[in-house]
Amino acid sequence: MPVTKNPLRDPRDKRLPRIAGPSGIVIFGVTGDLSRKKLMPAIYDLANRGLLPPGFSLVGFARRDWDHEDFAAIVHDAVKKYARTPFSEPVWRHLAEGFRFVQGTFDDDEAFDNLKATLAELDAKRGTGGNHAFYFSIPPGAFPVVCNQLNRSGLSQHSPDEWRRVVIEKPFGHDLKSARELNAVVNSVFPTESVFRIDHYLGKETVQNLLALRFANQLYEPIWNSHYVDHVQITMAEDIGVGGRAGYYDGIGAARDVIQNHLLQLLALTAMEEPRAFDPVSIRAEKAKILASVQLPKDLLAATARGQYAGGWQGGEKVLGYLEEDGIAPDSTTETYAAIKVLVETRRWAGVPFYLRHGKRLGRRVTEIAVVFKRAPYLPFSSNDTEELGANALVIRVQPDEGITIRFGSKVPGPSMEVRDVNMDFSYGQSFTEASPEAYERLILDVLLGEPSLFPQDEEVELSWKILDPIEKAWARTKKQPEQYPAGTWGPPSADAMMARDGRVWRRP
Ligand code: BG6
């Protein structure tokens, strides 16, 4: 039998070693939570896995009155607390030799001149080769001033054998208009191919595996369409509340924080056609086609739900309601739960609803994509025997128990022909000995390698805002307080009612 060409095979793999070449990273907003909990540990984990170049440098830029040693002590604490791989003193010592701290504010020309001198010193002493990534772990309001400073100081410019890249954390704006403005600011200083927008869900192993599942197998693709699929449910549930992030979250809410980016990316990967090749241009083009094909139902209020967590019990602990949290206005109308229904108007998906939901303080932390199939057209059994038979489903368990579940009907042992739902599970933990790297490890390494496949481009970001903007406007017009749901439950009753109108129910993952 002929072996067909594998679209997942990247012809450049042979040329691209997965170890970063000479380079360094500058983090703006280095004193923030993201930097301590995700970026610093991921950099250490990469070093520990031998994937960083020997002279790698990490430069922190912030207002604090720190010297290099203070900075190194902060990174040390963060690594000890949050790194995935075991602490190794020799790895740490070697890595820390490349740490520098530059003190200053974003409007301080002198601080950026110091940064330039620091990078030149690192190029000369540690061989970073003029290759630097600027990581914006800062609010979008600060992007223009930092971009201008990088331009003014000459830090964004480089000779042909060097690179400068900019890494941007979300939110990429709060609507289409502001996203376009932000994109214009960044693109005025950095060419498109040097801009890496982080959507950390794309760095998760299980999310990447979605493409392997779909395009490396023969089993699923024939049924991956409206002839067999009834609907798709994409869920990202968190058990945590807003925590210390009130300043960022209030006024943003669940839909802008998670649906606009992570969940619409998951939808695009689930629904997209096979890319011509496994390269960034082909993958992004297929994702963009899906995002451009998304249609919203006419009655937006009937096809969406919005909630806000009230106080309650979670994990045996009494927890506060959103309006009682520190830093949240007592009359805030920000939603902490959002559910939306969308359609993908393509030949493959016509008539198949995609339901997306995300909430904080829900029953448990779980992210999954459930492809729910139509029922068999005819059941040659007595209706009593199939009372407990549900719809077949293929569930991609993104986290925390990473794997894939297939739900189907099976005969219950015994004399009758009773058929009941059972699960067949693939679990990463059991099938592979390798532990999955953290999303940020993969994404930071890809930035240093200049590998852009997992980073959404401005077009995808803008298309996603085009989907969300009308929903946000419809919600704003009602001027209604989001419906309350007790912490530890599965969201507001209106979310169940939204599904019931379509004759469906949410899964209880
Ligand atoms: C972030 C959101 O993008 O993702 C947070 O801003 C959310 O509100 C977080 O808590 C969840 O990420 P993960 O990887 O823990 O699912």
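Reading the values: rules and limits
- Residues numbered from 1 in each chain as written.
- Predicted model: local features only at pLDDT ≥ 70, side-chain atom pairs only at ≥ 80, totals over all residues.
- Heavy atoms only, no water.
- Helix = DSSP H or I, 4+ residues; strand = E, 2+ residues; numbered from the N terminus.
- Rg over C-alpha atoms; globule rule 2.2 N^0.38 Å.
- Buried < 20%, exposed > 50% of the residue type's maximum accessible area, 1.4 Å probe, protein only.
- Contact = heavy atoms within 4.5 Å.
- Areas by Shrake-Rupley, 256 points an atom, 1.4 Å probe, with all protein chains shown as cover.
- Lys, Arg positive; Asp, Glu negative; His and termini not counted.
- Charge placed at Lys NZ, Arg CZ, Asp CG, Glu CD.
- Near = heavy atom within 4 Å.
- Polar contact = N/O pair within 3.5 Å; in protein donor to acceptor, adjacent residues only side chain to side chain.
- Nonpolar A, V, L, I, M, F, W, Y, C, P; charged D, E, K, R; others polar.
- Phe/Tyr/Trp six-rings, centres within 6.5 Å; stacked < 30°, edge-to-face > 60°.
- Lys NZ or Arg CZ within 6 Å of the ring centre and 35° of its normal.
- Core = buried A, V, L, I, M, F, W, Y, C linked by side-chain atoms within 4.5 Å.
- Pairing = 2+ DSSP bridges.
- Right-handed = clockwise from strand over helix to strand, strands pointing away.
- Axes fitted to C-alpha atoms, helices over the stretch in contact; angles between N-to-C directions.
- Salt bridge = Lys/Arg side-chain N within 4 Å of Asp/Glu carboxyl O.

Colleague: Just give me the short version of the overall build of the protein chain, but keep the residues and values in it.
Modeller: Scanning the protein chain from N- to C-terminus turns up 14 helices and 18 strands. Compactness check: the protein chain gives a C-alpha radius of gyration of 24 Å against a globular reference of 23 Å for 509 residues, within 12% of the reference. Viewed in the frame of its principal axes, the protein chain has a C-alpha envelope of about 80 × 65 × 40 Å. When burial is assessed residue by residue, the protein chain has 54% of its 509 residues classed as buried. In the protein chain, 77% of the contacts between residues at least 6 apart in sequence involve partners at least 24 apart. Summing over all exposed atoms, the protein chain offers an accessible surface of approximately 23,000 Å²; the carbon and sulfur share of this is 53%. Distance between charge centres in the protein chain, computed from 62 positive and 67 negative side chains, equals 4 Å.

Colleague: Quick rundown of the site of the ligand? Include the residues and the values.
Modeller: Around the ligand sit Lys170, His200, Tyr201, Lys204, Met236, Glu238, Arg245, Asp257, His262, Lys360, Arg365 and Gln399, and that is every residue in its neighbourhood. The separation between an oxygen atom of the ligand and a polar side-chain atom of histidine 200 is 2.8 Å. Within the side chain of lysine 204, an N or O atom sits 2.6 Å from an oxygen atom of the ligand. Protein burial of the ligand: of its 400 Å² of free accessible surface, 84% is covered by the chains. Its residues placed into classes, the shell around the ligand shows two nonpolar, three polar and seven charged.

Colleague: Any chance you could break down the packing of aromatic side chains for me, citing the residues and the numbers?
Modeller: Within this structure, the stated rule accounts for 24 aromatic pairs. Both rings, one in tryptophan 66 and one in phenylalanine 101, keep their centres 5.3 Å apart while their planes meet at 50°; by these two values the pair is tilted. Of this pair, tryptophan 66 sits in the loop between strand 2 (57-62) and helix 2 (68-82) while phenylalanine 101 sits in strand 3 (residues 99-103), placing them 35 residues apart in sequence. Taken as a pair, tryptophan 66 and phenylalanine 101 share a single burial class, namely buried. Taken together, the ring pairs connect Phe28, Phe61, Phe106, Phe112, Phe134, Phe136, Phe143 and Phe190 into an aromatic cluster. Taking NZ or CZ as reference, lysine 80 lies 4.6 Å from the ring centre of phenylalanine 87, over its face. Here arginine 361 stacks its cationic end above the ring of tyrosine 309, 5.9 Å away from the centre of that ring.

Colleague: Describe in detail the side chain of histidine 262, supporting the description with residues and values.
Modeller: Along the polypeptide, histidine 262 turns up in helix 9 (residues 253-271). Not counting the four nearest positions on each side in its chain, histidine 262 is found in contact with Lys170, Asp199, His200 and Tyr201.

Colleague: Go over the environment of valine 195 with me, naming the residues and quoting the values.
Modeller: Secondary-structure assignment places valine 195 in strand 6 (residues 195-197). The sequence separation of valine 195 and proline 452 amounts to 257 residues, and the corresponding C-alpha distance is 8.8 Å. Beyond its immediate sequence surroundings of up to four residues, valine 195 is in contact with Val166, Ile168, Val186, Asn187 and Phe190.

Colleague: Now, about the nonpolar core: what can you tell me, with residues and values included?
Modeller: In terms of nonpolar packing, the biggest core is built from 144 residues, with Ile25, Phe28, Leu115, Phe136 and Phe354 touching the most fellow members. The biggest single contributor to this core is helix 9, with eleven residues. When neighbours within four sequence positions are excluded, phenylalanine 136 is seen to be in contact with Phe28, Phe143, Val146, Cys147, Leu150, Val166, Val167, Ile168 and Glu169. With five residues, the next largest nonpolar core counts Ala370, Ala391, Ala393 and Val395 among its residues.

Colleague: A description of unusual backbone geometry should follow, citing residues and the corresponding values.
Modeller: Most peptide bonds adopt trans geometry, and most residues besides glycine take a negative phi value. Cis geometry marks the peptide bond from lysine 170 to proline 171, where omega comes out at 5°. Here glutamine 399 and proline 400 are connected by a cis peptide whose omega angle stands at 0°. By secondary structure assignment, the location of proline 400 is in the loop between strand 15 (393-399) and strand 16 (403-411). A positive phi angle is found at arginine 361, which is not glycine, with a value near 55°. Counting through the fold element by element, arginine 361 comes out in the loop between strand 13 (353-359) and strand 14 (366-373). Positive phi, normally seen in glycine, also occurs at lysine 479, with a value near 50°. Here lysine 479 shows up in the loop between helix 13 (458-478) and strand 18 (483-486).

Colleague: Explain the pairing of strand 2 residue by residue, including any values.
Modeller: With six of six residues buried, strand 2 lies mostly within the body of the structure. Side-chain alternation along strand 2 places Ser57, Val59 and Phe61 on one buried face and Leu58, Gly60 and Ala62 on a second face that is also buried. In terms of strand pairing, strand 1 (residues 24-28) meets strand 2 through five bridges, oriented parallel. From the neighbouring strand, isoleucine 25 faces strand 2, where its bridge partner is leucine 58. Crossover strand 1 to strand 2 through helix 1 (residues 33-48) is right-handed. Bridge analysis of strand 2 against strand 3 gives five bridges, and the strand direction is parallel. If you follow valine 59 over to strand 3, its bridge partner there is arginine 100.

Colleague: Give me the sheet that holds strand 5 (residues 164-168): which residues, what numbers.
Modeller: The strand order 3-2-1-4-5-6 describes an open sheet built from six strands, whose pairing is parallel. The sheet is open, and its two borders are formed by strand 3 and strand 6, each paired with just one other strand. Geometrically, the sheet is characterised by an average inter-axis angle of 20° between neighbouring strands, direction not taken into account. Of the strands in this sheet, strand 5 and strand 6 are in contact with helix 6 (residues 176-189), which crosses strand 6 at around 145°.

Colleague: Help me get a handle on the pattern of salt bridges, residues and values and all.
Modeller: Here the structure, examined in full by the defined rule, presents 33 salt bridges. Taking the shortest distance from any N to any O, the salt bridge between arginine 126 and glutamate 97 comes out at 4.0 Å. With arginine 126 in helix 4 (residues 109-126) and glutamate 97 in the loop between helix 3 (89-96) and strand 3, this pair connects stretches of sequence that are 29 residues apart. A relative accessible area of 49% places glutamate 97 in the partly exposed class. For the salt bridge of aspartate 425 with arginine 397, the shortest nitrogen-to-oxygen distance reads 3.4 Å. Of this pair, aspartate 425 sits in strand 17 (residues 419-427) while arginine 397 sits in strand 15, placing them 28 residues apart in sequence. With a relative accessible area of 54%, aspartate 425 lands in the exposed category. Several salt bridges share partner residues, and in doing so they unite Arg214, Glu221, Glu273 and Arg348 into one network.

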